[in-house]
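A closer look at the structure
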Amino acid sequence: MFLILISCSSVDVYSDFDKNTDFSNFKTYAFYKKGIDKVEISDLDKRRILRAIENELHAKGMVVSENPDVLVNIFTKSSEKIDVYNNSYMGWYPWYYGYGYGYFGPGYGFGYMNVSTSTEGTLFIDLIDARKKELAWQGIGTGLLSYEKNIDKKEARINEFVAKIMTAYPPKLETVND
């Protein structure tokens, strides 16, 4: 059973990379089948994610190869998130004494405790330097998950999620001015 991201939720994106890697040398890629086979989501959703990654890499000028510069791997995980809201209110309330006469004074409003649970999912996209056999870049996207019955919406959300992660590739070295 695969959960997909809610379209109204935000996606937090992080990336990490080896700053000694020259990413301009990466022109070709292949999917790392051994790693992807271990991902515990449906084969349909795996294919959706891989197609989305493929589209993003093609847009960046990379092509599939039997002898790739980088291997692409994915990994997913999810965790339960619990939010507790206290909706009671301390403030000024009307106090009535018989026949509708009264005044405003301090009081404690009636409220309730609201507890909501949701599932937060994370998608990792790894680019492994095929020559060195080392992780060169990792993109991570985290957001709330939900069941989605509409296949088109599900695919569009996966595409959007992968696109947000892939905006961090290739990384840009930041220079620090002292």
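Owing to the predicted nature of the structure, the values given are computational and were not obtained by experimental measurement. (Residues numbered from 1 in each chain as written. Predicted model: local features only at pLDDT ≥ 70, side-chain atom pairs only at ≥ 80, totals over all residues. Heavy atoms only, no water.)

1. Examining the side chain of Asp129
Formally: By definition, any uninterrupted DSSP run of H or I lasting at least four residues is a helix, any uninterrupted run of E lasting at least two residues is a strand, and each is numbered from the N terminus. Only protein chains enter the accessibility calculation, which uses a 1.4 Å probe; a residue whose area is less than 20% of its type maximum is buried, one above 50% is exposed, and one in between is partly exposed. The charged-residue count follows a simple rule in which Lys and Arg add positive charge and Asp and Glu add negative charge, with His and chain termini not counted at all. By salt bridge we mean one thing: a side-chain nitrogen of Lys or Arg within 4 Å of a carboxyl oxygen of Asp or Glu.
By the element assignment, Asp129 lies in strand S8 (residues 113-129). Buried charged residue Asp129 carries no salt bridge. Nearest counter-charge: Lys132, at 4.5 Å.

2. A closer look at the packing of aromatic side chains
Which entries qualify depends on this criterion: Stacked, edge-to-face and tilted labels apply to pairs of Phe, Tyr and Trp rings (six-membered ring for Trp) whose centres lie within 6.5 Å, assigned for plane angles under 30 degrees, over 60, and everything in between, in that order.
The full count for this structure, using the stated rule, is six aromatic pairs. Ring geometry for Tyr29 and Phe31: centres 5.7 Å apart, planes at 75°, overall edge-to-face. On the accessibility criterion, Tyr29 (0% relative accessible area) is buried. With a centroid separation of 5.3 Å and 70° between ring planes, the pair formed by Trp137 and Tyr169 is classed as edge-to-face. With Trp137 in strand S9 (residues 134-146) and Tyr169 in the segment after helix H3 (151-166), this residue pair connects regions lying 32 residues apart in the sequence. In this structure, Trp137 and Tyr169 share a single accessibility class: buried. Connected via pairs of aromatic rings, a cluster forms that spans Phe17, Phe23, Phe26, Trp137 and Tyr169.

Geometry only, nothing functional implied.
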